[in-house]
Amino acid sequence: MYISFVPKWRHVALPRYLRKVRKWRALNPQTASVEQLWAGIRAMSRADAEYWYRGGAWHAFSLTRGTESQLQKFLDESAPGKFTTGHFLSGLKSRAFEAQIKLWSIAQMIRNESTLLNLTVETPPSLLLEIYRDRDDATNICTAINQYLDTYGHQVFTLDFVEPSEAENPESLIRSLHGLILLSDYDPHANQRRLTERRLDATQLAYRSFSGTLRWKFLWRLWVARHYYSNREEAMFYVGFAWTVLRPLAIELGQRLTSIGTLTNRDDVFFLNTEELARAIRAAINNTALPEYQNVATDRRALREARRQLSPPPIIGERPSHWGKEPSSVIDGDKKNSDEFTGSAVSPGVVTAKASLVLSPSDFKKMKPGTVLVCPTTTPAWTHLFPLAEALVTDIGGILAHGSIVAREYGIPAVLGLIDITKRVKHG
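Residues numbered from 1 in each chain as written. Predicted model: local features only at pLDDT ≥ 70, side-chain atom pairs only at ≥ 80, totals over all residues. Heavy atoms only, no water.

Colleague: Could you give me a rundown of the pattern of salt bridges, with the residues and numbers involved?
Modeller: Enumeration over the complete set of coordinates arrives at 19 salt bridges. The partner of E292 in a salt bridge is R279, with the nearest N and O atoms 3.4 Å apart. In this pair, E292 sits in helix α14 (residues 292–307) while R279 sits in helix α13 (residues 274–285), placing the two residues 13 residues apart along the sequence. The structure contains a network of salt bridges with shared partners spanning D160, E163, R304, E305 and R308. (Salt bridge = Lys/Arg side-chain N within 4 Å of Asp/Glu carboxyl O. Helix = DSSP H or I, 4+ residues; strand = E, 2+ residues; numbered from the N terminus.)

So, in structure tokens, the structure goes:
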């Protein structure tokens, strides 16, 4: 059964998902009827959920997690404290690395144009894209940025489609581009070569550390883990892709419900549930408003903002046995004030540096070069921060979290799942 997981995802679930997205992308929101808008919204919402569950991304995730866990278990039993999977899975290429190479290439284009370089250094990142678009000598830069957004701009900051994608709100991308331009000695290709050398050295050391049956068990588990490892980020790359179609359809529907008097503004459409939207659409077809939904959307928007301030528990129910040791920060009250933390050591290394506390995409501007990135967790749209980071620590996550995999690609140490590190470390 497990052998079919990756073929089902890659050759069945993913093509099916992309076909549905292409089909509904052909619908022009401005000329579509409200019935078509509603049908497209529901189809895209369902398509993304099906891509996750029906032979889709979860299959790729589970195999990657399972095979890496088997390798880690072998290392813990056969060479305790000597190796982690991060030694052998660092520096492997993925979509995240590919995207960073593209962004670095754009930074190099700007660095090669002295006028644009000086302008970029002197201009706040929030104004750069607008200035580039107004300059004839930056046409190729704008083209490259647009091509980047066409390929990678669908990546999401969170899993909530009320928030715009990177393509809709490219400010964090431009801020990261600005940072890469200032990092004159940063070379991702050279970094990749160093990581490859370190990975090969670690593999050779492990090979010599084992003999007989243990050596063959190590080689087999290593081959299997590497074989499936890249599938996780490849599958994750498309999660939320349908939202690039869903959001324009929903915003157009919200605009029409606003025009008729049902909503206060078009983005309020994201704060009505399925039954309420269906009723609002039926009323709109009859040219009737449901103004009571204005207060409903306003209250739910306020509730969402209030809930964003809460600190959810790390788990609900009993702690799974495969999580290993309980983090020291939550064992007992005496250790609450301790300087010692225990989490998942997912990428090896030791770093001492100041902290950049980044709680959400709105804090991206707080990320400083040469610091430890301290954050709740990361998603693909956070990847731009990694070239600036010396290390990564998070509240949430483990061996197969996005932050774990990307930290290995950049060769920076990472400890994830520290529960409340963002509450106990101050910015700077």
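Still more to cover.
Colleague: With reference to specific residues and values, describe the pairing of strand β3 (residues 371–375).
Modeller: Here β3 lies mainly inside the structure; five of its five residues are buried. As defined by bridge partners, β3 adjoins strand β4 (residues 389–394) across five bridges and the pair is classed as parallel. Bridging across to β4, C375 finds its partner in T394. (Buried < 20%, exposed > 50% of the residue type's maximum accessible area, 1.4 Å probe, protein only. Pairing = 2+ DSSP bridges.)

Colleague: Pulling in residues and values, what's your account of helix α9 (residues 171–182)?
Modeller: The first and last C-alpha atoms of α9 sit 17 Å apart over 12 residues, in line with the 16 Å expected at 1.5 Å per residue. When you tally the buried positions in α9, you get nine out of 12 residues, the bulk of the element. Every buried residue of α9 is accounted for by S172, L173, I174, S176, L177, H178, G179, L180 and I181. Elements that come into contact with the buried residues of α9 comprise α5 (95–111), α6 (114–122), α7 (125–133) and α8 (139–152). (Expected span 1.5 Å × (residues − 1). Contact = heavy atoms within 4.5 Å.)

Colleague: Could you give me a rundown of α8, with the residues and numbers involved?
Modeller: Helix length check: α8, at 14 residues, gives a terminal C-alpha distance of 20 Å against a target of 20 Å (1.5 Å per residue), a fit within 8%. Among the residues of α8, I141, C142, A144, I145, Y148, L149 and Y152 are the ones counted as buried. Relative to the axis of α8, the buried residues are bounded by an arc of 160 degrees and lie together on one face. Summarising the geometry of α8, the exposed residues directed more than 90 degrees from the buried face are Q147 and D150. Close packing links the buried residues of α8 with α5, α6, α7 and α9. (Arc of directions from axis to C-beta.)

Colleague: How would you summarise the sheet that holds strand β5 (residues 414–416) if you had to cite specific residues and measurements?
Modeller: The strands making up a sheet are joined through hydrogen bonds of the backbone, oriented either antiparallel or parallel. The five strands lie next to each other as β1-β5-β4-β3-β2, forming an open sheet whose pairing is mixed. If you trace the sheet from one side to the other, it starts and ends with β1 (344–347) and β2 (355–357), each paired once. In this sheet, adjacent strand axes meet at a mean angle of 25 degrees when their direction is disregarded. Strand direction decides the pairing type here: β4 and β5, joined by two bridges, are parallel. Counted as the bridge partner of V393 is V415 from β5. Running at roughly 40 degrees to β1, helix α15 (residues 402–410) makes contact with β1, β4 and β5 of the sheet. (Axes fitted to C-alpha atoms, helices over the stretch in contact; angles between N-to-C directions.)

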